[in-house]
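# Summary of the model geometry
Each chain, written out:
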Amino acid sequence: MDHSQSPPDRVGEAWRRHHAYLVNLAYQMLGDVGHAEDVAQEAFLRLSRADVGDIDDVRGWLTVVASRLCLDHLGSARARYERPGDIGERAAPQRLDPADRVTLDGEIRTALLEVLRRLSPGERVAFVLHDVFGVPFDGIARIVGRPAGTCRQLARRARTKCTAAQPKLTDVTSAEHQLVTEKFTTACANGDIAGLTAVLDPTVWGVGTVLAEPPPPPQVNHGPHAVATNLLRYLGPDVTLVSGPAGRVLAFADRRLFAAITLTIRGGLVAKIEAVADPVARAGLTPAVEPD
C-alpha cells in the first residue's frame, strides 16, 4: 500500500483490493452472503477508524478482524441454540408457483451447509483460514485464542469431516484455484476489464444457460475480450461473488443468489466459464455494462 496516500485513499484502495476477498472469507465460514457482507463492512469500518499508516499488512489485519467477527457470530448463534444447519440462513422471499420451476438457491445453499454443519465453530474457522486461505497456524492461534497445535487439530478434524461430505472440497481448496478465483472475483467486483482479461486464457470460451421454460439457446462467447465484456454486463459492482461448493463461483445480487459459475482453470488461467442463471432472481437488476 502506498503510504504517501491520505488515510481515506488508503482505505479506498484496500476496499478495491481486498473487499471481494474478505466477503469470500466470511462466506466460507458463515454460509450466508448477507452475514458475510455485514462482516466485511464492519471490518472496513474498523479499518477506517484505525491508524492505517501504522498497519504494515492491511490484508492480514482485515483477515484477523473478519475472522474474529465470524467466530463471534458462530459462537453467539450456538449460544442461542440454533441448529448448525440454520446458521447464516435467512428467510427466503416467497415466489409464485415455486414447485413449478427449478431455482439455484436450494440446491447450492443445501450443498454448502451440508459441509458446514459438520464443523464446530473452531473447526470451521481453522479449516477455512488454513486450507482455503493459507493462513499459518500461528496466525490462526492468535485469531481464535487457542494454541497452534490445537488449531492444527481442529483443521485436521474439519478436513476429515469435509472429505466424507458432499460435495467434495478438493477443487475449492487448491491453492491455484483459490488464487485464480480471487483474481476473477476482484476484477468483476471492480468492473476491471483489463484485470479480468488478464486472468483469462487466450483460448477461453464461455457458455451461459438460463433456467426458463422454454429454455433459450445457450449464449456462447470466445476469446478473452468477448468473454470479459459479456461477464461484466452481469457481474459488476452490484453483484457479490463468492466461492461455492464443487468449485463453483456463486453470484448474489441484493443478497439473493441468481447464478452459479464453474471455472475450468488451466495453467493458472481460466480456460472455460460455464454459467447457469436464474432470470427471476436477476429480474430488475441493471447490467453493469450495457451491450454494444
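As a reminder, the structure under discussion sits directly above these lines.
For the structure given in this document, a descriptive report is provided here. Because the structure is a prediction, the values reported are computed rather than measured.

On to the packing of aromatic side chains, then. For any pair of aromatic rings, the description consists of the separation of the ring centres together with the inter-plane angle of the planes. Per the counting criterion, the structure on display carries three aromatic pairs. Measuring from centroid to centroid gives 4.9 Å for Trp15 and Phe44, while their planes differ by 55°, and the two rings are tilted. With Trp15 in helix H1 (residues 7-30) and Phe44 in helix H2 (residues 33-49), the pair connects residues that are 29 residues apart, well separated along the chain. Taking the relative accessible area as the measure of exposure, Trp15 reaches 33% and is therefore partly exposed. For Phe44, a relative accessible area of 4% corresponds to the buried category. Cation over ring: Arg59 sits above Tyr21, and NZ or CZ is 3.7 Å from the ring centre.

What follows is about the pattern of salt bridges. Inspection of the entire model under this criterion finds 10 salt bridges. With a closest N to O distance of 3.3 Å, Glu13 and Arg17 form a salt bridge. Residue Glu13 and its partner Arg17 are both found in helix H1; the two are separated by four residues, about one turn of the helix. Residue Arg17 is classed as partly exposed on the basis of its relative accessible area of 41%. Glu182 is paired through a salt bridge with Arg59; the nearest N and O atoms lie 2.7 Å apart. Residue Glu182 is located in helix H9 (residues 175-189), and its partner Arg59 is located in helix H3 (residues 58-79); the two are separated by 123 residues in the primary sequence. For Glu182, a relative accessible area of 15% translates into the label buried. For Arg59, a relative accessible area of 26% corresponds to the partly exposed category.

Cut-offs used in this document
Residues numbered from 1 in each chain as written. Predicted model: local features only at pLDDT ≥ 70, side-chain atom pairs only at ≥ 80, totals over all residues. Heavy atoms only, no water. Phe/Tyr/Trp six-rings, centres within 6.5 Å; stacked < 30°, edge-to-face > 60°. Helix = DSSP H or I, 4+ residues; strand = E, 2+ residues; numbered from the N terminus. Buried < 20%, exposed > 50% of the residue type's maximum accessible area, 1.4 Å probe, protein only. Lys NZ or Arg CZ within 6 Å of the ring centre and 35° of its normal. Salt bridge = Lys/Arg side-chain N within 4 Å of Asp/Glu carboxyl O.

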